[in-house]
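Geometric and topological summary
One letter stands for each residue in the lines below.
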Amino acid sequence: MRKEALVTFLLVEDDDDHAILAERAIKKARIVNAIDRVRDGVEAMDYLRGEGQFSGKKLPTVVLLDLNLPKKSGLEVLSEIRADEKLRSLPVVVLTTSGDDKDIASAYGYNVNSYLKKPLDFEQFHQMVSDLCLYWGVWNQPPTTEN
Amino acid sequence: MSSRPMPTDLESCEMEVISRPEFIQPHGVLLVLREKTFVIERISLNAKEYFGLEPEELIGRKVTEFVSAANQASLEDLLSSEVVTYPNPLNISVASGAETCDYDGIAHRADGHIILELENRRSVSFRSNAASRGIEHHFGLTSRTLDLIRNLPSIAEAGAAVCRELKDFTGFDRVMLYLFAPDNHGEVIAEAKEPELEPFLGLHFPAGDIPKNARDLYIKNLIRLIADVNANPVGLYPAQGDLDMSMSALRAVSPFHIKYLQNMGVASSMSISLVEGDRLWGLLACHHYQGPMLVPCSTRVSCVHYGIVIASQLQVMMRSYFSRDLSLRKEEISREVKILSRSADLHSTIETRAPELIRLCNADGMAFLDDDTIFTDGSTPSKATIVELWKRCPRGPDTKVYACESIDETFSDIDMDCSPVAGFLVIHCSHDWQLMFFRKEYLHEIRWGGDPGDPQAEKKVLTPRHSFAEWVESVKGHCHPWTEIDLLVAEELRSVFMVFVMHQAVVLQKLYDELREKNVEIQQFAYSVSHDLKSPLVTINGWIAALDDELAAGNYDEAREAFERIRAAATRMGRLIEDLLAFSKIGRMKGEIDLIDMDELCQDIHEEFQILLGEKGITLEIDGNLPSFHGYETEVRRAMENLISNAIKYGCTNDQPRIGISGKKLENAYRFSVRDNGEGIEPEYQSRIFELFQRLDTSHSGTGVGLASVAKVAQFHRGKCGVNSAAGQGAEFWIEFGELGEN
C-alpha cells in the first residue's frame, strides 16, 4: 500500500468529450482526489514545470497522456519529461485510441510506464479506468518527489 | 658455264643470302673493278660474248682498254666521281676486234669496288625504250598517271589506272598493285592484264611469299627485273668471292623465287617497290607470260621514278581516303546515335537498328544482353556461349569496351564452340546491360592466290603454296583486328547507352519516390482510421453509458446533454468520413486541365460563404485581376475553399475580422494568398499544420483535413504551399500552382 497522500491525476486530452468521459469514470472509481485537465502538449509541459498559469502546481501522481495533441504531440511531451532532470521519474500512462505499433514502440522507447488503448466498449473503458485508478492510486509505489 | 646448285627444302629459303648469290642473269656481263685504276678483278663467265676474250685473259687489265677511244676519257672521269650510284645508264662502247658495240652501262659502288654491268642495247627492240623515245615519254607517263588518278574516289580505282598506265608503258601481260597488311601478307588491290589471263584481283598472298630478306632487298633496290625466268644463271670468275650484289641489276634470282614464278607460268617479271620510310607498303608487280622481257635500263630508271612519285601520291590519297572514310563513319555514328538517343524504348530501337549497328562496327553479328534476355542479330555463337563469353571478359572502371580478336587464343582454357565467329567486342553499359559485336574468322573471307586446299599443291616442293599452311595456321581463329575507329564507334555507342541507362535510373527513382509517398499516405490513412475515426465512436459509446446512468438517476437535464453530445459526435464522425474520402480523391480524379478564371472562382466561393461571413461579421476582400492559369479546376476550388474556411474558423479572433485574397504570377508558378488579421501562428507550429489531422486548436469544429488537402492539391499542381505568420500578426496562407500547360 502506498503512503497516505493525495492522489492527483493530470489528464492531457484535446478532445472535450473524451476528457469529460474520462473524468467521469475516474471520479466514479472514488480513489483519485483531484483531476486536472490540459488540452495540448504545450499546456502539459507548462503544468508539469509549474510555468505561467500553472505556477505553484504540484506534480501529479500520474500523467494520463493522449498521443495525438495539438501544438506538441504526446510523444514529444513524453520525451521532454524523460529528458527533464526534475520530471524524468514521473509516472506517465499513455491513454489513447491509437493501437499503432509504431506509437507503442515509440512510447516505450521513451520509457513510458504503461500504454493503454481506449476500448470502444464503454463498460470495458470503465473497468480499465477503475483498474488504472486502483493500480496507480493505491497499489503503485511512486518515487518520492520534492516539489 | 657452270650452273647453280638447287636447294631442295623451304627451310633454307629464309636462310639464303640472296644478296650474295655469286651468279648473274645471263642478259648482261658483270665486272668488279678496282677503285681508281679500273682494273678488272672479277668478271662474269660470259665475258667473251662482250669482250671477245676469256675471263682469265681479262683479269688484271684496265676496263678502259676495251672501250672505244672516244669513250675512254669520259668513262674514266665518270667512274672517278665520288658517288655510290652513277647516273645510269652510262653509254659504253666496247671495241671488240674490228667491231664496236654500244652497251648500257650500269655502275655502282659496293664492298670498296666499282661494279659495272653492261646490258646489250643493240639487240633490244623494246616497245617503251625510254632512251629511244626520249625523256618526254617518261615524264608523259608520270604526269598523265597523276592527272588520271588525282580525282579518283578510291584506292582501287587509282591503283587500276596506275596498273593500266604501267602495263601500256612496259608491255607486260599483267601489272598488279599489291598492298601489304601490317602482318606483311599481301593483297592484290588493282590489276591490269591481258583479257585471256585469269584475274588475280582481290587475291591474298601469304607473307611467306616474300621472305624478310627479299623484302629488305626490295626496300634497298627499288626495281627488280627478272628478264628471263627460264634462263640459266652465270657465275663469276674467279669463283671464290663474296660479293655484295644487292644493288646489282643483273643479280641472279633465288632458285626458290624462280620455282615460284615458274609454277605460276611467269616467263619474266619486274617489281617496282612502293616504300614509305623504311616500310615496303606495296609493290607494282609486272608479269609476262609469253617470253623474256629485256626491259632496257632507261625504261627501268623511268619506272623507279614513276614508282617513287606514284607511291607518295597513293600514300597521300590513302590518307585522305582514310580520313574521308573516318569522317563518313563518324557522321553515320552520329546519325545512328541520334536515332537511338531519341527513342523512348531503347530496347526495341536497338532491335530494329541492329543491321545498321552491325555495319557501323564492321561486324558480322551482335547480341544485346539485358538482364536475363538476349537479343541477337546476324552471325553469333549460341546464347549459352554468348553468356559464357560475357562472364569471362574483363571488366572494371577502366574497361568500358573490351575487344578480342581470337576467342580460341584468349580463352583457351575453356572449351566452347564459338562458330561461326572468331572475335568479339563488348560494350559494358551497366551491370545488366551489355552490347556485343561479333566478327567471323578472317580466313573465311579471303580469296587465296592459288587454292590452299589443292592436294596437288601439297606435293609440289618449293611452291609458294607451302607458305600458306604456315600463314593459315597463324591467322586461324582470328577475326579482322578491331581498329581504333571500331573502338571509337563502340565508345560513342556506349555513351548513348549510358545516357539512356541513367535516364532510366532517374525514371525508376521517380517512380520509387512516388510509390513511397503513396505508401506514406496510405499509412497515414490507416493511422487516421485507427485513431481519429475511432475517437468519436469512443465518445458516442461513453455518452450512451452516461445517458443510461443519468436516466436511471432521473437526471433529465444531464441526460439531455449526453444526448446532444452523442448527436454532435455522430455528426462530426460523418463529416470526418466525408472529408477523408474527399482528401483521398485529390489527384486521383483529376479530370481535364482547364484555363481557370480565378476572379470568377473566388467570387463563387465568396457567395458560398456569404451567410457564414455575415454571421461572424467578417469582411472578405478579393483583389481584382487575379491571374488565370491552367489547372484542375475542382481541386483548385477545393484548395481555395479550404484556405478561406480555415481563415474563417481560426483567423477571425479580431474585433473587426478581415480576410483578403490576392494573387500574382511568378516566373514558373501562380501564387495565391489568403490573409487574415487573427492571432497568427507561432513559427514552431507552422510546419505541422499542413499535415493530416494536425490541429492547433481543437475548440473549433475542424477535422484536421482542410490544410492537408491544400498541400495535396498544391503537390498535384507541381506547386507548394505554406504560411507566413507571427504571433499576433495575423496569418497569410499561400498556395503556388506550377505551370501545367494545356494537357
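Criteria and thresholds
- Residues numbered from 1 in each chain as written.
- Chains lettered and ligands numbered in written order.
- Predicted model: local features only at pLDDT ≥ 70, side-chain atom pairs only at ≥ 80, totals over all residues.
- Heavy atoms only, no water.
- Pairing = 2+ DSSP bridges.
- Helix = DSSP H or I, 4+ residues; strand = E, 2+ residues; numbered from the N terminus.
- Axes fitted to C-alpha atoms, helices over the stretch in contact; angles between N-to-C directions.
- Contact = heavy atoms within 4.5 Å.
- Salt bridge = Lys/Arg side-chain N within 4 Å of Asp/Glu carboxyl O.
- Buried < 20%, exposed > 50% of the residue type's maximum accessible area, 1.4 Å probe, protein only.
- pLDDT = per-residue confidence, 0-100.
- Parallel < 35°, antiparallel > 145°, perpendicular 65-115°, else oblique.
- Left-handed = near helix turned anticlockwise from the far one by under 90°.
- Nonpolar A, V, L, I, M, F, W, Y, C, P; charged D, E, K, R; others polar.
- Patch = residues over 30% accessible without salt bridge, like charges linked within 9 Å, V, L, I, M, F, W, Y side chains within 5 Å.
- Areas by Shrake-Rupley, 256 points an atom, 1.4 Å probe, with all protein chains shown as cover.
- Phe/Tyr/Trp six-rings, centres within 6.5 Å; stacked < 30°, edge-to-face > 60°.

1. Section: the sheet that holds strand β4 (residues 92–96) of chain A
Residues and elements named next belong to chain A. Pairing is parallel across the open sheet formed by 5 strands, whose spatial order is β2-β1-β3-β4-β5. Looking at the sheet topology across the chains shown, the edges are occupied by β2 (34–38) and β5 (114–117). For this sheet, the mean angle separating the axes of adjacent strands, direction not counted, is 20°. Here 4 bridges tie β4 to β5, and the two strands are oriented parallel to one another. Residue Leu 95 lies in a different strand from β5, and its bridge partner there is Leu 116. Sheet strands touched by helix α5 (residues 122–139): β1 (8–12), β3 (62–65), β4 and β5. Its angle to β5, the strand with the most contacts, is close to 165°.

2. Observations concerning the pattern of salt bridges
Residue and element names in this part refer to chain B. For the structure on display, the rule yields 42 salt bridges over all chains. Measuring nitrogen to oxygen at the nearest pair gives 2.6 Å for the salt bridge that ties Arg 439 to Asp 486. With Arg 439 in strand β18 (residues 433–440) and Asp 486 in helix α16 (residues 484–530), the pair connects residues that are 47 residues apart, well separated along the chain. One exposure class covers both Arg 439 and Asp 486, and it is buried.

3. Quick look at the confidence of the model for chain B
All names here are of chain B. Of the residues in chain B, 90% reach a pLDDT of 70 or more, and the chain-wide mean stands at 83. Every residue in residues 7–11 is under pLDDT 50, and counting partners more than four places away or in other chains gives 10 contacts. pLDDT under 50 marks residues 451–466. Its contacts with residues more than four places away, or in other chains, come to 26 contacts.

4. Examining the packing of helix α2 (residues 41–49) of chain A against helix α3 (residues 74–83) of chain A
All names here are of chain A. Between α2 and α3, the least distance of the axes is 9 Å, while the angle of their chain directions is 25°. With respect to α3, the element α2 is oriented roughly parallel. With respect to the hand of their crossing, α2 and α3 are arranged in right-handed fashion. Along its contact with α2, which presents Gly 41, Ala 44, Met 45, Leu 48 and Arg 49, the element α3 presents Val 77, Glu 80 and Ile 81. A class-by-class count of the residues in the contact of α2 with α3 yields 5 nonpolar, 1 polar and 2 charged.

5. A word on a nonpolar patch on the surface
Taken together, the side chains of Leu 134, Tyr 135 and Trp 139 of chain A define a hydrophobic patch exposed on the protein surface, amounting to about 340 Å² of accessible area. With respect to the helices and strands, the residue Tyr 135 of chain A is situated in helix α5.

6. Considering the packing of aromatic side chains
All names here are of chain B. If you walk through the whole model with that rule in mind, you get 14 aromatic pairs over all chains. Between Phe 424 and Phe 438, the aromatic rings sit 6.4 Å apart at their centres with planes inclined by 35°, giving tilted as the arrangement. Placement of Phe 424 in strand β17 (residues 421–430) and of Phe 438 in strand β18 is noted, with a sequence separation of 14 residues between them. Assigned by exposure class, Phe 424 and Phe 438 land together as buried.

7. Some remarks on the packing of helix α1 (residues 16–29) of chain A against α5 of chain A
All names here are of chain A. Where α1 meets α5, the axes come as close as 9 Å, and the angle between the chain directions of the two elements is 55°. In terms of orientation, α1 lies oblique with respect to α5. Crossing hand, α1 versus α5: right-handed. From α1, Leu 21, Ala 22, Ala 25, Ile 26, Lys 28 and Ala 29 reach across to α5, where they touch Phe 122, Phe 125, His 126, Val 129, Ser 130 and Cys 133. Counted by class, the contact of α1 with α5 contains 9 nonpolar, 2 polar and 1 charged residues.

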